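Structure at a glance
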Amino acid sequence: MLESLEGLIFNKAELPEMEIVVVDNDPAGSARAVCEELGSDSRWLLRYHIEPRRGISHARNAAVAFAEAPDFIAFIDDDEVPKPYWLDELLDVQKAYAADVVSGPVLTYFCDPVPNWVVRGRFFEQAFANPRYVTGHPIQLTATGNVLIRAEIFGDASFDERLGLTGGEDINFFGRVHQAGYKMVYAGDALVYEWVPGSRTNVRWILKRAYRLGNALSLSEACLDPTPAVRLVRVVKGGGRIAQGLLVLPLFVPLSLALGRHLSVKPLLHICRGTGMLAGLAGIRFEPYR
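As a starting point, this report considers the structure included with it. (Residues numbered from 1 in each chain as written. Predicted model: local features only at pLDDT ≥ 70, side-chain atom pairs only at ≥ 80, totals over all residues. Heavy atoms only, no water.)

1. Notes on the overall build of the protein
Secondary structure summary: the protein contains nine helices and nine strands in total. Whereas a compact globule of 290 residues would reach a radius of gyration of roughly 19 Å, the protein reaches 20 Å, a difference of no more than 12%. Seen through its principal axes, the protein has C-alpha atoms that stretch 55 × 45 × 40 Å. Taking all 290 residues of the protein together, the buried fraction comes to 46%. Partitioning the intrachain contacts of the protein with sequence separation of at least 6 by distance along the chain shows that 82% fall at a separation of at least 24. Carbon and sulfur atoms form 56% of the exposed surface of the protein, whose accessible area is close to 14,400 Å². Side chains of the protein carry 30 positive and 34 negative charges; the gap between the two charge centres is 11 Å. (Helix = DSSP H or I, 4+ residues; strand = E, 2+ residues; numbered from the N terminus. Rg over C-alpha atoms; globule rule 2.2 N^0.38 Å. Buried < 20%, exposed > 50% of the residue type's maximum accessible area, 1.4 Å probe, protein only. Contact = heavy atoms within 4.5 Å. Areas by Shrake-Rupley, 256 points an atom, 1.4 Å probe, with all protein chains shown as cover. Lys, Arg positive; Asp, Glu negative; His and termini not counted. Charge placed at Lys NZ, Arg CZ, Asp CG, Glu CD.)

2. Observations concerning a nonpolar patch on the surface
Residues L232, V235, V236 and L278 make up a contiguous nonpolar surface patch of about 340 Å² in total accessible area. Mapping L278 onto the fold places it in helix 9 (residues 262–281). (Patch = residues over 30% accessible without salt bridge, like charges linked within 9 Å, V, L, I, M, F, W, Y side chains within 5 Å. Salt bridge = Lys/Arg side-chain N within 4 Å of Asp/Glu carboxyl O.)

3. Focus on the packing of helix 7 (residues 203–224) against helix 9
Where helix 7 contacts helix 9, the two axes come as close as 7 Å, and the packing angle between them is 35°. Judged by the twist between their axes, the crossing of helix 7 over helix 9 is right-handed. Here helix 7 contributes V203, I206, L207, A210, Y211, L213, G214, N215, L217, S218 and L219 to the contact with helix 9, which in turn contributes V265, L268, L269, C272, R273, T275, G276, M277, A279, G280 and L281. Considering only residue class, the contact of helix 7 with helix 9 consists of 15 nonpolar, six polar and one charged. (Axes fitted to C-alpha atoms, helices over the stretch in contact; angles between N-to-C directions. Left-handed = near helix turned anticlockwise from the far one by under 90°. Nonpolar A, V, L, I, M, F, W, Y, C, P; charged D, E, K, R; others polar.)

4. Some words on the packing of helix 8 (residues 228–259) against helix 9
It is the contact of helix 8 with helix 9, at a shortest axis distance of 6 Å, that shows an interaxial angle of 160°. By the angle between their axes, helix 8 is roughly antiparallel relative to helix 9. Considering the relative orientation of helix 8 and helix 9, their crossing is left-handed. When the residues that make up the contact of helix 8 with helix 9 are grouped by side-chain class, the tally is 16 nonpolar, ten polar and five charged. (Parallel < 35°, antiparallel > 145°, perpendicular 65-115°, else oblique.)

5. Brief notes about the side chain of N146
Positionally, N146 belongs in strand 7 (residues 146–150). In terms of polar contacts, N146 uses its side chain to reach the side chain of W86, at 2.6 Å. (Polar contact = N/O pair within 3.5 Å; in protein donor to acceptor, adjacent residues only side chain to side chain.)

6. What to know about the pattern of salt bridges
According to the stated counting rule, one finds 13 salt bridges in the structure shown. Across the salt bridge formed by E68 and R47, the nearest N and O atoms sit 3.8 Å from each other. Placement of the pair is E68 in the loop between helix 3 (56–66) and strand 3 (72–76) and R47 in strand 2 (residues 45–50), with a sequence separation of 21 residues. For E68, a relative accessible area of 55% gives the class exposed. A relative accessible area of 14% places R47 in the buried class. Between R285 and E287 there is a salt bridge whose closest N-O contact spans 3.7 Å.

7. Here's the deal with helix 3
Most of helix 3 is tucked away, with nine of its eleven residues classed as buried. Residues of helix 3 that are buried: I56, S57, H58, A59, R60, N61, A62, A63 and V64. On the buried face of helix 3, the contacting elements are strand 1 (19–24), strand 3 and helix 6 (169–179).

8. So, the environment of Q179
Mapped onto the elements of the fold, Q179 is located in helix 6. Measuring from C-alpha to C-alpha, the distance between Q179 and Q140 comes to 8.7 Å, with 39 residues separating the pair along the chain.

9. Regarding unusual backbone geometry
Positive phi values are uncommon outside glycine, yet A69 reaches one of about 50°. Relative to the helices and strands, A69 resides in the loop between helix 3 and strand 3. Unusually for a residue other than glycine, A98 sits at a positive phi of about 50°.

10. Details of the pairing of strand 7
The buried fraction of strand 7 is high, at four of five residues. Sheet analysis places strand 3 next to strand 7, joined by five bridges and oriented antiparallel. Along strand 7, the bridge assignment pairs I73 with I149. Across three bridges, strand 5 (residues 101–103) lies against strand 7 in antiparallel orientation. Across the sheet, S103 pairs through a bridge with V147, a residue of strand 7. (Pairing = 2+ DSSP bridges.)

Written out as structure tokens, the structure reads:
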């Protein structure tokens, strides 16, 4: 990811005064050597910091704290690679729409050959917080894998540290940003690719991820709005996903023998997502960041 930032191109927006902030969530500083090597010849100022407290929320809040008086902060994950015009598009759309938050699409890049059923099932395409829209479309929710944020927003909100080990902290954050009345829009051409290794292209990992996303969503919403009405909606949605999966599973399993394995995985995906939702409502926390 760091090497790809060297090739950023700015044709629409003015060349920004830019710095790269890397926050290492490993107390041993395992990323220090790489950052020092790349930073010595970097086109941009690269600053490296260690956040010893375990959790994605701590790492994100540390990144904001270490940024030196920015107007905007762009987030990208360490397993993503942006197109050269990525940041140019985000900045251009921000200016065109006077937006406070601009989000773009996160597309999938498979690092290794993958089974055909994985591709046909589209299991790694947009997560629930990052669907595709046309440029300028208003949004109410996004994630941190590809987003530009007006820095002053962080005076009103930060990433909820209760969600540091579970994830969902970004969904919670942008939910509060939307409630506060900030303008959020989509930049359809600000492309980022998430690199997916072959170790993830299997049924176990895909279903585990579905459970994790469902669990994180419920926990995030509970922190955002703990009222009984919201909990009831999530119970209905979670239960509905489980029911949908159970109803179609007997039909899709025999069809998968003729039409592809992806059909038998789809209903299991709904069941796992719904189970994760209900588990979150029951206070059961899946903590991948521990």
